[in-house]
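Next come the chains, spelled out residue by residue.
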Amino acid sequence: MRLRKLITRSFIHYLRGNMLAAGGLAVATAVITGAFIIGDSLSHSLEKAVMMRLGGITHSVTAGDRLFTIEMGDRFEEKSGIKISRALVAEGMAIAGGGADRLNRVQVIGVDDRFSSMLGSGLDYGAAGPGEVVISANMASRLQLEPDDHFMLRMKSAGVIPMNTPLVSDANQTVTRRVRVVAIAEDDDYGRFNLRVSQTAPFNVFVNICWLNTVMGLDGMANALFLSDEDADRRDLKAHLKDSFEPEDGNMVVKYRNDVEMTEISSERVFIEEHLSARLSEAFPTANRVLTYFVNSIEKGDNNTPYSFIAATEQFGLGPGETVINSWLADDLGAGISDTLMVSYFETGPRRELEERDVRLVVTGIIGMDRSAADSTLMPFLPGLSDAGSCRDWDAGVPISLDRIRDADEDYWTGYRGTPKAYISLEEGQRLWTNRFGNLTSVWLSGEESDLRQVRNTITRVADPLQMGFQVNGLREQGLEAAAGGIDFGMLFGGLGFFVMLAGVMLYFLLMLFNLERRSSQVRLFSSLGYTPALIRKIYMGEGMLVAVAGGFAGLLLAAGYGELVRYALMEVWQDIVRTDLLVLVINPFSLIGGLTISLAIALLVTFFGINRYILRKPATNPSDSTDEGNDGSAIYERTARKKWLITTSSTGTKLTDGNMLKKLLAYIQPRRQADSSHNFTLSVALLFTFAGVTALLLQLFTGLDAGPVGFFVSGGLLLVAVLLLVRVLLMLVANRAYDRIDMTRLSIRNLARNSTRSLMVIILLALGIFVIIATGSFRKDAATAELHPEGGTGGFLFVAESTVPVLHNLNSRETRLDLNIPPDVGFVQFMASYADDASCLNLNEVENPRIIATDPSYLEGRFSFARDTDWLDNDNPWQSLNKELPGSDAGPATIRTNNGGAGTAAHGPAEDQSTVTAEREVQPSRASTPLIPAIADQAVIQWGLNKRVGDTLFYTDERGREIGLLLVGGLANSIFQGNVIISEDIFLKHFPSTSGSSFFLIDAEHDREEELREELGFIFNDQGWEMATAAERLNEFNSVENTYLAIFMMLGALGILLGVAGLAVVMARSIAERRMELALYVSLGFRRSQINMIIVREYLLLLVGGLAAGIPPAIIAIVPSLMPGSQQINPGFLAVMVVAIFLHGLLWITVTSLLMIRGGNLTASLRND
Amino acid sequence: MLLEARNISKSYKSRYGRTIREVLNGLSLAVGEGKRIAITGPSGSGKTTLLNLAGTLDFPDKGEILFRGYSLSGMNTAELAAFRNREIGFVFQSHHLLPQLTLWENVLIPALPLNGNMKEVYKRAEELLRETGLWDIRHQKPGELSGGECQRTAVVRALINKPSLLLADEPTGSLDNRNASILTELLTSLSARENIAMVVVTHAPGVASGMDKIYKLKEGRLTENSDS
């Protein structure tokens, strides 16, 4: 017989007990490995999502809001040798069911015939004919559309002129067509094609690019190129882009004007952007640069000429305040040399606000109306003006009063069109009329027509597409990086399932201990046979290893099931977290090995501890079982060094918490026969934890120290540990006390104390479980009353809205309100937004550049609260900090402050007084010469979505291709701004000048008018693709993610408790089986079965109640913030139901187990001697 | 007559109902008030079975057991429990003291189901413990006592409710000679003083010799030992 055989035989002999223990370990293994599997599955699914949204497309070239020629794609393909597909992408809305079903933010993708093959799709998207569309499956499902069905497709107009360009009409913002569904694109057909980094499928409408061009009134234009070359280098692609670029791709018009015999460089966008103007000026230093503007009136005294063009040019060598007018104007006004003219014109604000301004000009010259002087070509092409037959047909971007238009004006228009009536110096003109869209309207070069080619080449050379909003994106690479950097669900579920894992390990420990204790007499036998303690340990460890392996492998099977269960739940129940239906279960062998290794290590550690602590150190047999003097007191393991350590530590602990009470208490619990210093030690540690927990609690309650809910959670946690340690002391105390009286309850308590480790384990399991459930429940977030206040997460706003088509006007202006019939008591905060990825908790991918939204910060003063801020944030006017000029890369150290996460702004709330310096660090050094812009974002997004901290900088590329740094100067407490970074509108427009209109809105109104306004505003903005929700709903949507995590945590916590209670039942059953002799004795002593049953039930009921009682008070400490007035109220009813349910569940198990165990078999057989 | 067993038979069956072994076969026994009887016999002869039947821990297949003329078979389990509690005292080969309780608490256990006046019980426990020399160590637990002390405690526990009948199953079986002798003396003296009838199953001649009658159990029946 070899040792191995002995171990195997023992394992088989005690198979039932061993398998029960293995079951506990299997649960722990399942949770650990399951977490790995879930992590792998999520990672794989996110990667899969990238492939499913991009197919074979690896890169894209986009142009922001600009359109370029389809031919640029051909040139690009030719230069790079990479297959490309051209697309015109627009946003739109779908209306079906006669208007009953609407879908906003639909992605309309006009594609060519190469798109499908590049994607790898079996559907030929490019083959869709005029008015025919292929829609994604999710859209078909949402609108209940099938092939051959029709619906209305309203699209945001794609044009070369930015919508908010001054002097350009804002009419026709959308184009609507009735379209027919020809096919439905499933996921396999890449129906979820998306350029954005997101696991969520967009609503897609695929159309033919030519048809889309026609619908948009364009000809051969695109705004995206798709490439398929995995190995393509972005730098090379940028170079190819530059090489492929022609002036028309930057919407420049270069033509030779035979009428004036000059080459004109102008822009289809009306104004030539400043940086391009500068390049052109450098390239053509002798060129005549012109800025022509439309003015409301030119007056001299009582004479007034309405609606004229004035050209700012270098042609006449004019100085500031000087003007040369044409003879028509001179006659009309009766003006002569040296007369002063008053010119009125509109300056256009970011939301098309028109502010009339005046300028005085002195006439220094009058020119004739001959061809060379009266040049109508100096008027830029302005749709609605240039193509108008008469003045009365004008459709300009400024209000035109037809009453002011005289016959003379009509005659002038008929004869001279938009020929400028006056000229000023370019310098003066640019001072007056430069706007964010540009500072020139044309550049004139003298020369021959044959020079045109040369001019074009020069323009191509100096114009950098990357500075005109063009971007080369490594879609696949960025997508995969974002997927890899996303939320680690492995860690997440490891954490969420921690309690179940703990329950499993404790169950394993308890059951192993049972097994080992049952066989403790064997230790004496082995010892008597000359086995060394090491050898005995080896035997038990060997058996423990077999149990661990059995449990581990069973756990792997369970892990796969657990993983599948979680996957199913994530898809069907916990959709709020993942928001995708792409999850697949991935079982990675390395994860299995990892999970198994961890659980084996835990199991062996626990077994080793159990053997050393409870088996080898115990007397070999029960002394009272010996035939003679009984207790020989022999223990294989003596408490030697550890005991000394305990005594020393205990003494220290006692000193730390010195006091007469403590001494009395220690003296009281001192065992009568044998002083056990571990009691003192445990009590000392318990008191230390109590002290720490109470101190932390008092500091938070009374001194203003505020660590938020986490601080209270920590206080509660410390007190929980203290309570559990005190329970241990109590059990020791009970075990060692001698009573002069006895009753049923004392008998039960005595029985509990008999095996204090088992009792304590059960109490710990239950206490931890109830603590986790109650404390977690308090973290649930709901947009409660407090959140509706201005300083709450909704900012006090009633609605949050987003529009597919930007709103160009100021919704707070009197004119717009009258025009749109907006109710008088409704206020708007309008935000411009950049095109970017969603960085809210709704996106599982790691997003580097969340959407920038911009507004006038003064609208937000006194709104929202700051969870964290820096030195850069002005405490008095935190939102005004967005207008601050930052010192750029020389930024010094910033102090990060933590504020009250509950309520109050940094300026007005309690946070003002409670700000505490918790960390100081250097602001992340920005890259050289990168301008820094102050920005504010939601703290949750900064921390979790971006993996950043307040004080860090987010780097973006602006519309001009320049890098800008958004320095996060403050972090908002839980707010509706999740997923966005907020900056000042003024700064935003400097960097993203062609952004037109607002697409994100906060709406202020009386809360009791919610339903009425929902309908009214929905109607007003119907055509904008208006999506509106109450701010509370939006906040709850974000909260739902966190709440879902909490729900999972609670659910798994409850599962852990169930496991704990089930474990309690198993322990109870084993314990009863072990105590059959005792129970038989009760029978022989005349106890009725019901009385015996009551003894058992009472014992375990005490454990159940003890566990709950130990867990509930610390949990209440942990939820103090939720109990404070005005806080997010927890639902006490829910928690009470939970506690009662756990109690009843435990009671059921206890009663049933007791009845079953006592009923079965003949108890008195144990007393049989023969 | 205190206890009367009439023609009792008892066999052990398998879980499928098949008789494995017939232990008692038409056995009869009568024990008068205050009488002391020893039952001897080889291992497996059914001594403990007989004791368990007498103590209502088990039930005969056939025959009847009467206690003071009343048949025990008509009692329900609650009545039987109360009967055992008041009228029967058990002493086993192993003391079966509860290790989690002190000696004092152990001897008080039989009083718990009574829900009666515990003062009297405490007084009696003190008397018995003093008498048996265990009073000074009453707050110790079984693990801290010797085997003899434990078994003496078991005797006190058996007598705490002043039973009419003491059933002792190899009470000295796990003791050395000295302790066995002390225990035998204790059992006989206490039963004589309190007029408690006693049925002792034993292999030990020293124990059996102190009894009024000695029966030998063989082949399921009792035969009176001619020496007694």
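Worth saying up front: this structure is predicted, and the values here are computed from it rather than measured. (Residues numbered from 1 in each chain as written. Chains lettered and ligands numbered in written order. Predicted model: local features only at pLDDT ≥ 70, side-chain atom pairs only at ≥ 80, totals over all residues.)

Caption draft 1: Spatial organisation of the overall build of chain B. Secondary structure summary: chain B contains seven helices and 10 strands in total. Long-range contacts, defined here as pairs at least 24 residues apart, represent 72% of the contacts in chain B between residues at least 6 apart. (Helix = DSSP H or I, 4+ residues; strand = E, 2+ residues; numbered from the N terminus. Contact = placed C-beta atoms within 7 Å.)

Caption draft 2: Spatial organisation of the overall build of chain A. Per the secondary structure count, chain A includes 35 helices and 32 strands. Evaluated residue by residue, chain A yields a buried proportion of 51% over its 1170 residues. Here the analysis covers contacts within chain A between residues at least 6 apart in sequence; of these, 82% occur between residues at least 24 apart. (Buried ≥ 20, exposed ≤ 12 C-beta atoms within 10 Å, placed from the backbone.)

Caption draft 3: Representation of the interface of chain B and chain A. In this complex, chain B contributes 43 residues to the contact, which on the side of chain A involves 35 residues. Only α1 (47-54), α2 (77-87), α3 (103-108) and α5 (147-159) of chain B provide two or more residues apiece to the side of chain B that touches chain A. A per-element tally of the side of chain B that touches chain A places α2 of chain B first, with seven residues. Tallied by class, residues from the side of chain B that touches chain A come to 18 nonpolar, 16 polar and nine charged. (Nonpolar A, V, L, I, M, F, W, Y, C, P; charged D, E, K, R; others polar.)

Caption draft 4: Main features of helix α6 (residues 177-193) of chain B. Residue and element names in this part refer to chain B. In a regular helix each residue adds 1.5 Å, so 17 residues correspond to 24 Å; α6 covers 24 Å between its end C-alpha atoms and thus fits that length. Every buried residue belonging to α6 is among N179, A180, L183, T184, L186, L187, L190 and S191, and all of these are buried. For α6, the angular spread of buried residues about the axis comes to 160°, placing them on one side. In this structure, α6 carries N177, R178, E185, S189 and R193 as exposed residues pointing more than 90 degrees from its buried face. Elements in contact with the buried residues of α6: β3 (36-40), α5, β7 (165-169), β8 (197-201) and α7 (205-208). (Expected span 1.5 Å × (residues − 1). Arc of directions from axis to C-beta.)

Caption draft 5: Just the confidence of the model for chain A, in detail. For chain A, mean pLDDT is 80; residues scoring 70 or higher make up 85% of the total. Across residues 889-926 of chain A, where pLDDT falls below 50, the model places 104 contacts with residues more than four positions away in sequence or in other chains. (pLDDT = per-residue confidence, 0-100.)

Caption draft 6: Layout of the pairing of strand β3 (residues 84-96) of chain A. All names here are of chain A. With 12 of its 13 residues buried, β3 lies for the most part within the structure. Of the pairings in the sheet, the one linking β3 to strand β10 (residues 224-227) comprises four bridges and is antiparallel in character. For S85, the partnering residue across the bridge sits in β10 and is F226. Sheet topology note: the β3/strand β4 (residues 101-111) ladder contains nine bridges and is antiparallel. Bridge assignment links G92 to a residue of β4, and that residue is V106. Following β3, the chain reverses through four residues before pairing antiparallel with β4; G97 in that reversal takes a positive phi of roughly 60°. Bridge analysis of β3 against strand β6 (residues 150-156) gives four bridges, and the strand direction is antiparallel. Bridge pairing in β6 links A94 to L153. (Pairing = 2+ DSSP bridges.)

Caption draft 7: Expanded view of the sheet that holds strand β6 (residues 88-91) of chain B. Residues and elements named next belong to chain B. Read from one edge to the other, the open sheet built from six strands follows the order β6-β7-β8-β3-β9-β10, with strand pairing classed as mixed. Either end of the sheet is taken by a strand with one partner, and the two such strands are β6 and β10 (221-224). The sheet shows a mean angle of 20° between the axes of neighbouring strands, taken without regard to direction. Two strands pair when backbone bridges link them, and β3 and β8 are joined in this way by four bridges, in the parallel orientation. Note on β8: the bridge partner recorded for R36 is M198. (Axes fitted to C-alpha atoms, helices over the stretch in contact; angles between N-to-C directions.)

Caption draft 8: Here's a closer look at the packing of helix α24 (residues 744-754) of chain A against helix α33 (residues 1089-1118) of chain A. All names here are of chain A. At a minimum axis distance of 9 Å, the contact between α24 and α33 shows a crossing angle of 60°. Crossing of α24 against α33: the hand is right-handed. Judged by residue contacts, M744, T745, L747, S748, I749, N751 and L752 of α24 engage M1094, I1095, R1098, E1099, L1102 and L1103 from α33. Of the residues in the contact of α24 with α33, the class split is eight nonpolar, three polar and two charged. (Left-handed = near helix turned anticlockwise from the far one by under 90°.)

Caption draft 9: Structural view of the nonpolar core. All names here are of chain A. In terms of nonpolar packing, the biggest core is built from 413 residues, with A94, Y508, A935 and I983 touching the most fellow members. Per-element accounting of this core gives the leading share, 21 residues, to helix α31 (residues 1031-1074). Contacts of A935, omitting those with residues within four sequence positions, involve L966, L967, L968, V969, V981, I982 and I983. (Core = buried A, V, L, I, M, F, W, Y, C linked by C-beta atoms within 7 Å.)

Caption draft 10: Local environment of the sheet that holds strand β1 (residues 3-13) of chain B. All names here are of chain B. Here four strands make up an open sheet; going across it, the order is β2-β1-β4-β5 and the pairing antiparallel. What marks the edges here is a single partner per strand, and that holds for β2 (19-31) and β5 (70-71). Here β1 runs beside strand β4 (residues 62-67); their pairing, made up of five bridges, is antiparallel. From the neighbouring strand, R6 faces β4, where its bridge partner is E64. Strands β1, β2 and β4 of the sheet are contacted by α1, whose axis makes an angle of about 125° with β1.

Caption draft 11: Layout of the packing of helix α2 (residues 15-54) of chain A against helix α14 (residues 489-496) of chain A. Residues and elements named next belong to chain A. Between α2 and α14, the shortest axis-to-axis distance is 7 Å and the interhelical angle comes to 150°. The angle between α2 and α14 places the two elements in the roughly antiparallel class. The hand of the α2/α14 crossing is right-handed. Counting all contacts with α2, which are made through I32, G34, A35, F36, I38, G39 and L42, the residues of α14 involved are F489, G490, M491, F493 and G494. (Parallel < 35°, antiparallel > 145°, perpendicular 65-115°, else oblique.)

Caption draft 12: Examining helix α7 (residues 234-244) of chain A more closely. Listing the buried residues of α7 of chain A in full gives L237, H240, L241 and S244 of chain A. One side of α7 of chain A holds all its buried residues, which, seen down the axis, span an arc of 105°.

Caption draft 13: Just the environment of I37 of chain B, in detail. Of note, I37 of chain B is situated in strand β3. Judged by the 23 C-beta atoms lying within 10 Å of it, I37 of chain B is buried.

Caption draft 14: Seen up close, unusual backbone geometry. At Q144 of chain A, a residue that is not glycine, the phi angle is positive and equals roughly 55°. Of the residues examined, Q144 of chain A has 10 C-beta atoms within 10 Å and is grouped as exposed. Although it is not a glycine, N195 of chain B sits at a positive phi angle of roughly 55°. Looking at where N195 of chain B falls in the secondary structure, it is placed in the loop between α6 and β8.

Caption draft 15: View of the pairing of strand β29 (residues 963-972) of chain A. Residue and element names in this part refer to chain A. Of all 10 residues that make up β29, nine are buried, and the element is covered over most of its length. The pairing of strand β24 (residues 866-869) with β29 spans three bridges and is antiparallel. Pairing of D869 across the sheet is with G970, part of β29. Looking at chain direction, strand β27 (residues 932-938) and β29 are connected through seven bridges and run parallel. Each bridged residue has a counterpart across the sheet, and for L932 the counterpart in β29 is G965. Pairing of strand β28 (residues 953-957) with β29, which is carried by five bridges, proceeds in the antiparallel orientation. Along β29, the bridge assignment pairs L954 with L966. Here β28 folds back onto β29, and the loop between the two strands holds five residues, one of which, G961, carries a positive phi near 80°.

Caption draft 16: Representation of the confidence of the model for chain B in the model. Residues and elements named next belong to chain B. Across chain B, pLDDT averages 86, with 96% of residues at or above 70. For chain B, α2 is the element with the lowest average pLDDT, namely 84, and β8 is the one with the highest, namely 93. Among the scores for the predicted complex, ipTM is 0.72 and pTM is 0.68.

Caption draft 17: Here's a closer look at the environment of L1052 of chain A. Residues and elements named next belong to chain A. Relative to the elements of secondary structure, L1052 occurs in helix α31. Considered as a pair, L1052 and G497 are 555 residues apart in the sequence and their alpha carbons are 5.9 Å apart. Every residue in contact with L1052, bar those within four places of it in the chain, is listed here: L496, G497, F499 and V500.

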